[in-house]
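Here is what each chain is made of, one letter per residue.
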Amino acid sequence: MDRPFEQVVRAHGATVLRVCRALLGAHDADDAWSDTFLAALRAWPSLPPDVNVEAWLVTVARRKALDELRRRARHALPVDPADGALGRPLVAALTAPGDRDLDLWDALGALPDKQRRAVVLHHIGGLPYADVADVVGGSDAAARRAGADGVAALRRTYARAAVDGKTGGRP
Amino acid sequence: MTTTTATTDDDVLRGLHARLLADAQREGLLDVAYRVVPSPVGDLLIAAGESGVLRVAFAVQDHDAALAELAARVSPRVLEGGRRLDPVLRELDEYFAGTRREFDVPVDLRLLTGFRREVVEALPRVPYGATASYAAVAALTGRPAAVRAVGTACARNPVPLLLPCHRVVRSDGSAGRYAGGEAAKAALLRLEGAAALSPRGGRQA
């Protein structure tokens, strides 16, 4: 790449912060963001010009977040419960065009811990279930099941809100 | 609520950007640091590498184009801000205040090669408050016939102000063209003339 890196920080800084917050919570998101952009700055001159920069950055961010999550798993720390169901930073971090996205986050927060972590890591963080299993413990299949159960539970708790939303004004 | 949250995130991102600058400097990855600052001759883009000031660009020269050239020809590891620019910005402030006649900060002329580089390196020999014709500068560089080439070199000077191409004028005494525009050139010559006549110090030439 021969574009100024400053443009990259401006264009994609907020997106990378959202990904880091979704995976790690607000507290460790800043460290992951810094690690991500420093690594990206280092690699920038040798990056092929046809690379999708945002996708590349998100991949780097996921990898950095995964390192941190694995470290936590080794030290048997919870995946930041303060930033999960109750933490406002995570709510703010999600793209929220209206109140119903906050409802989604509350619904996510109401899931059992393992399901919530599997859904967030796989569907928001984009981690494959093998990586999700590394973080939440157990087998790949168990992680996949927790993710599927979580999404099924979200469908149930969220179905009525979706119906209300449709009658409420969508064309 | 939404506005408050957005402002907070902007603050967070500003803090993260500052941290990235510091990390990059520490890791030797801040190949080009730049800032855009207001001045009496319009907004100036100032860019510096590890070894000196690489670029001073006037707004009329298109700052985005200047950054693109730096990224392509020096390094794309370009970030805005950083303490590295403090010395040159301080010297520019002093220059515009009329209290500085020569710049001490190192410049890095890697954007120029050959004769053009020789020409801009010779520019500080035209002292503050004085002017020289293109022909005189050509003679200074030992190639008295290269008058047009001197004009081109001045136009391509990557660090105007620091290397004073504004002091090179036409043989008939008129100011001639300038990368920052003719009005900027006239303003700079006026500034230097006024400062040279002030009680702070006599004319050097």
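This text follows the structure it describes.
Residues numbered from 1 in each chain as written. Chains lettered and ligands numbered in written order. Predicted model: local features only at pLDDT ≥ 70, side-chain atom pairs only at ≥ 80, totals over all residues. Heavy atoms only, no water.

S.K.: I keep staring at the overall build of chain B and nothing clicks. Help me out?
M.R.: For chain B, the count of helices and strands is seven helices and six strands. Helices and strands in chain B line up, N terminus first, as α-β-β-β-α-β-α-α-β-α-α-β-α. Taking all 205 residues of chain B together, 48% fall into the buried category. Summed over all atoms, the accessible surface of chain B reaches about 9800 Å², with 50% contributed by carbon and sulfur. (Helix = DSSP H or I, 4+ residues; strand = E, 2+ residues; numbered from the N terminus. Buried < 20%, exposed > 50% of the residue type's maximum accessible area, 1.4 Å probe, protein only. Areas by Shrake-Rupley, 256 points an atom, 1.4 Å probe, with all protein chains shown as cover.)

S.K.: Would you take a moment to explain the overall build of chain A for this structure?
M.R.: Looking only at helices and strands, chain A features eight helices and zero strands. Ordered by position from the N terminus, the helices and strands of chain A form the series α-α-α-α-α-α-α-α.

S.K.: What is the right way to read the pairing of strand β3 (residues 52-58) of chain B from this model?
M.R.: Side-chain positions along a regular strand alternate between the two faces of the sheet. All names here are of chain B. Among the seven residues of β3, seven are classified as buried, and the element is accordingly described as predominantly covered. The sheet contact formed by strand β2 (residues 44-49) and β3 spans six bridges and is antiparallel. Residue pairing for β3: L44 is matched across the bridge by F58. The antiparallel hairpin formed by β2 and β3 contains two residues in its connecting segment. (Pairing = 2+ DSSP bridges.)

S.K.: Quick question: what am I supposed to make of the interface of chain A and chain B here?
M.R.: One widely used convention gives an interface's size as the accessible area the parts lose upon coming together. Each side of the interface is counted separately: chain A has 23 residues, and chain B has 22 residues. Taken over both partners, the interface formed by chain A and chain B buries close to 2000 Å², and the fraction arising from carbon and sulfur atoms is 65%. Among the residues chain A hides against chain B, the three largest losses belong to E6, L38 and L41 of chain A. Together they make up 26% of the total. At the surface where chain A touches chain B, the tally comes to four salt bridges. Its salt-bridge partner being R42 of chain A, residue E27 of chain B comes within 3.1 Å of it at the nearest N-O pair. Connecting chain A to chain B are eleven residue pairs in polar contact (both at pLDDT 80 or more). When contributions to the side of chain A that touches chain B are tallied by element, the ones reaching two or more residues are α1 (5-24) and α2 (26-43) of chain A. (Contact = heavy atoms within 4.5 Å. Buried area = accessible area lost by both parts, 1.4 Å probe. Salt bridge = Lys/Arg side-chain N within 4 Å of Asp/Glu carboxyl O. Polar contact = N/O pair within 3.5 Å; in protein donor to acceptor, adjacent residues only side chain to side chain.)

S.K.: What exactly am I supposed to notice about the packing of aromatic side chains here?
M.R.: For any pair of aromatic rings, geometry is given as the distance between the ring centres together with the angle between the planes. Overall, the coordinates contain eight aromatic pairs over all chains when judged by the stated rule. Ring centres of F5 of chain A and W44 of chain A lie 5.5 Å apart, and the angle between their planes is 70°; this geometry places the pair in the edge-to-face category. Taken together, the residues span a long stretch of sequence, with F5 of chain A in helix α1 and W44 of chain A in the loop between α2 and α3 (53-74) at a distance of 39 residues. What makes F5 of chain A buried here is its relative accessible area of 0%. Under the relative-accessibility criterion, W44 of chain A is labelled buried at 0%. With a centroid separation of 5.4 Å and an interplanar angle of 45°, the aromatic rings of Y95 of chain B and F103 of chain B are classed as tilted. (Phe/Tyr/Trp six-rings, centres within 6.5 Å; stacked < 30°, edge-to-face > 60°.)

S.K.: What should I look at first to understand the nonpolar core in this one?
M.R.: Within soluble globular proteins, side chains that are nonpolar tend to cluster in buried spots. Counting residues in each nonpolar core, the largest one holds 88 residues, and the members touching the most others are F5 and W33 of chain A together with I46 and L161 of chain B. Excluding anything up to four places from it in sequence, L161 of chain B contacts L44, V56, F58, L92, Y95, F96, F103, H166, Y178 and L188 of chain B. Core analysis: the second largest hydrophobic core is formed by twelve residues, A47, A57, A66 and A71 of chain B among them. (Core = buried A, V, L, I, M, F, W, Y, C linked by side-chain atoms within 4.5 Å.)

S.K.: Just checking my understanding: could you explain the environment of G173 of chain B for this structure?
M.R.: Among the secondary structure elements, G173 of chain B is positioned in the loop between β6 (168-169) and α7 (182-197). Once the C-alpha coordinates of G173 of chain B and T131 of chain B are considered, the two residues, 42 residues apart in sequence, prove to be 8.9 Å apart.

S.K.: Is there a simple way to explain the environment of D9 of chain B in this structure?
M.R.: Its place among the elements puts D9 of chain B in helix α1 (residues 2-26). Within the local environment of D9 of chain B, its side chain forms a polar contact with the side chain of R21 of chain A, the two groups lying 2.9 Å apart.

S.K.: Mind showing me how you'd approach the sheet that holds β2 of chain B here?
M.R.: Adjacent strands of a sheet form backbone hydrogen bonds with each other and so pair up, either parallel or antiparallel. Across the sheet, which stays open at both edges, the four strands sit in the order β3-β2-β1-β4 (chain B) with mixed pairing between neighbours. The sheet terminates laterally at β3 and β4 (78-80) of chain B, the two strands that pair on one side only. In this sheet, neighbouring strand axes are inclined to one another by 25° on average, regardless of whether the strands run parallel or antiparallel. Running over the sheet, α1 of chain A touches β1 (32-37) and β4 of chain B and is turned about 60° from β4 of chain B. (Axes fitted to C-alpha atoms, helices over the stretch in contact; angles between N-to-C directions.)

S.K.: Please explain the pattern of salt bridges as it appears in this structure.
M.R.: When charged atoms on two side chains of opposite charge get close, those side chains can pair. By the definition in use, this model includes 21 salt bridges over all chains. The closest approach of N and O atoms between R117 of chain A and D113 of chain A, which form a salt bridge, is 2.6 Å. One end of the pair, R117 of chain A, and the other, D113 of chain A, are both in helix α6 (residues 113-124), four residues apart, so they sit about a helical turn from each other. Overall, the relative accessible area of 14% leaves R117 of chain A in the buried class. The residue D86 of chain B makes a salt bridge to R83 of chain B at a minimum N-O spacing of 2.9 Å. Look at the salt bridges and you will find they share partners, linking R42 of chain A together with D23, R26 and E27 of chain B into a network.

S.K.: Please explain the pairing of β1 of chain B as it appears in this structure.
M.R.: All names here are of chain B. Bridging between β1 and β4 involves three bridges; their strand directions are parallel. Bridging across to β4, Y34 finds its partner in E80. Two elements, β1 and β2, share five bridges in a ladder whose sense is antiparallel. Its bridge partner being in β2, V37 is matched across the sheet by L44. Linking β1 back to β2 in an antiparallel pair, the connection comprises six residues, with G42 at a positive phi of about 95°.

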